[in-house]
Amino acid sequence: MIEIVNVVKRFSTNNGHADASDGCHHRRNAVDGINLTIENNTTTLIKGPNGAGKTTLLSIIGGMARPTSGRVFIDKKDISCFPESFLSEVRKKYFGFIFQNYHLIMGISVLENIMIPAYTSGKTPKKIKQKAMALLEKLKIPSLANRKVEYLSGGEQQRVAIARSLINDPAIILADEPTAHLHQDLTMEFLKIVFELVQGGKSVIICSHNKLLCNSGIVDRAIELTDGKVVNDVHMLAN
Ligand SMILES: Nc1ncnc2c1ncn2[C@@H]1O[C@H](COP(=O)(O)OP(=O)(O)O)[C@@H](O)[C@H]1O
Ligand SMILES: [Mg+2]
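Residues numbered from 1 in each chain as written. Chains lettered and ligands numbered in written order. Predicted model: local features only at pLDDT ≥ 70, side-chain atom pairs only at ≥ 80, totals over all residues. Heavy atoms only, no water.

Comments concerning helix 2 (residues 84-94)
Within the span of helix 2, buried status applies to Leu-87, Val-90, Arg-91 and Tyr-94. The buried residues of helix 2 occupy one face: seen down the axis, they fall within an arc of 100°. In this structure, the buried side of helix 2 is in contact with strand 4 (69-74), strand 5 (77-78), strand 6 (95-98) and strand 7 (172-176). (Buried < 20%, exposed > 50% of the residue type's maximum accessible area, 1.4 Å probe, protein only. Helix = DSSP H or I, 4+ residues; strand = E, 2+ residues; numbered from the N terminus. Arc of directions from axis to C-beta. Contact = heavy atoms within 4.5 Å.)

A few points about a nonpolar patch on the surface
A cluster of nonpolar residues, Ile-105, Ile-116 and Tyr-119, forms a patch on the protein surface that exposes about 260 Å² of accessible area. Take Tyr-119: it is sitting in the loop between helix 3 (110-115) and helix 4 (125-138). For Tyr-119, a relative accessible area of 46% puts it in the partly exposed group. (Patch = residues over 30% accessible without salt bridge, like charges linked within 9 Å, V, L, I, M, F, W, Y side chains within 5 Å. Areas by Shrake-Rupley, 256 points an atom, 1.4 Å probe, with all protein chains shown as cover. Salt bridge = Lys/Arg side-chain N within 4 Å of Asp/Glu carboxyl O.)

Topic: the sheet that holds strand 5
Strand order in the open sheet formed by four strands is 2-1-4-5, with antiparallel pairing between adjacent strands. Looking along the sheet, the strands with just one partner apiece sit at the ends: strand 2 (31-38) and strand 5. Across six bridges, the pairing between strand 1 (residues 2-9) and strand 2 is antiparallel. Across the sheet, Lys-9 pairs through a bridge with Val-31, a residue of strand 2. (Pairing = 2+ DSSP bridges.)

A word on the pairing of strand 1
Burial runs high along strand 1: six of the eight residues are buried. Pairing of strand 1 with strand 4, which is carried by five bridges, proceeds in the antiparallel orientation. Along strand 4, the bridge assignment pairs Glu-3 with Phe-73.

As for the site of ligand 1
Around ligand 1, the neighbouring residues are Phe-11, Arg-28, Ala-30, Pro-49, Asn-50, Gly-51, Ala-52, Gly-53, Lys-54, Thr-55 and Thr-56. One nitrogen or oxygen atom from the main chain of Ala-52 is found 3.1 Å from an oxygen atom belonging to ligand 1. Taking Thr-56, its side chain carries an N or O atom lying 2.5 Å from an oxygen atom of ligand 1. About the coverage of ligand 1: the protein hides 60% of its 560 Å² of free accessible area. (Near = heavy atom within 4 Å. Polar contact = N/O pair within 3.5 Å; in protein donor to acceptor, adjacent residues only side chain to side chain.)

Focus on the sheet that holds strand 8 (residues 203-207)
If you walk across this open sheet you meet the six strands as 6-7-8-3-9-10, and the pairing is mixed. Strand pairing shows two members of the sheet lacking a second neighbour, strand 6 and strand 10 (229-235), which therefore form its edges. Neighbour-to-neighbour, the strand axes of this sheet turn through a mean angle of 15°, independent of strand direction. Looking at chain direction, strand 6 and strand 7 are connected through four bridges and run parallel. When the sheet's bridge partners are listed, Phe-97 is paired in strand 7 with Leu-174. Along the sheet, helix 6 (residues 184-199) contacts strand 3 (43-47), strand 6, strand 7 and strand 8; its crossing angle with strand 8, the most-contacted strand, is approximately 150°. (Axes fitted to C-alpha atoms, helices over the stretch in contact; angles between N-to-C directions.)

Describing the pattern of salt bridges
Applying the stated criterion to the full structure yields eight salt bridges. Ionic pairing is found between Glu-3 and Lys-76, a salt bridge with its closest N-O pair at 3.8 Å. Within this pair, whereas Glu-3 is found in strand 1, its partner Lys-76 is found in the loop between strand 4 and strand 5, the two being separated by 73 residues in sequence. In this structure Glu-3 comes out as buried when scored by relative accessible area, which is 18%. Ionic pairing is found between Asp-169 and Lys-202, a salt bridge with its closest N-O pair at 2.8 Å.

Quick notes on the packing of aromatic side chains
Between two aromatic rings, the relevant description is the distance of the centres plus the angle of the planes. Enumeration over the complete set of coordinates arrives at four aromatic pairs. Seen in terms of ring centroids, Phe-82 and Phe-86 are 6.2 Å apart; in terms of plane orientation they differ by 70°. Their pairing is edge-to-face. Summarising the aromatic geometry, the rings of Phe-97 and Phe-99 are spaced 5.8 Å apart at their centres and angled 15° between planes, so their arrangement reads as stacked. Phe-97 sits in the buried class, given a relative accessible area of 14%. In textbook terms, an aromatic cluster arises when at least three aromatic residues are bridged by ring pairs, as seen for Tyr-94, Phe-95, Phe-97 and Phe-99. (Phe/Tyr/Trp six-rings, centres within 6.5 Å; stacked < 30°, edge-to-face > 60°.)

Some thoughts on the side chain of Lys-9
Among the secondary structure elements, Lys-9 is positioned in strand 1. Despite its burial, Lys-9 remains without a salt bridge, the nearest opposite charge being carried by Glu-84 at 11 Å. Sequence-distant contacts of Lys-9, that is, excluding residues within four places in its chain, are made with Asn-29, Ala-30, Val-31, Thr-56, Ile-60, Arg-66, Pro-67 and Thr-68. (Lys, Arg positive; Asp, Glu negative; His and termini not counted.)

Here it is, written out as structure tokens:
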């Protein structure tokens, strides 16, 4: 379970310099006092216009960014005060990330891309490779294992990104605009995979403004952000 309590994130807009006494007034909070509890084994959609704070909130949930104030609890553990070394443990243990534009590493193979997040897990390379191959099977692209990622189609890249997010068997998958560059049929494919992950006990949190996702029937909850605030929070009716 994820609990977010009074979370605020403020960026200084003058390129990271603390002193903003230059008359620049663009200092509204990117995330502006959010309180949320997200249950295990659910599919949550975070929607809202560009600049609403979706990516910032997702980064804070996943321990990739720290809130300016407020607290983030993962399974009752307050990760907002963890030092970086513990935080990276938390990231590895709990989260799989599907980044916007996937962030696959060009020049190396599909298999190597998928294995990367597991290298610091203490598992043997052989075990990691087995797991990566099993994920490629699961995502129905085992034949792509040795291909370099730059030769993949958009849909294939998407699957590689999903496989990579699953390599450490995280409880929670965080996906930022995962369907931004996909056609409708590939978007539906993605949703099918999400559905199966949640059937298998995982939680998925997706940031997107794609209407297809909201109306797909697989989302349990749609949280709408505007200007860093929750303006709508709809729990879909269980079938
Ligand atoms: N690293 C950053 N430095 C400064 N401002 C940022 C940074 N990241 C995001 N912002 C600002 O925070 C607000 C929310 O951004 P973001 O979380 O990316 O929104 P969304 O994902 O909903 O489009 C925007 O105004 C954006 O310009
Ligand atoms: Mg974003």
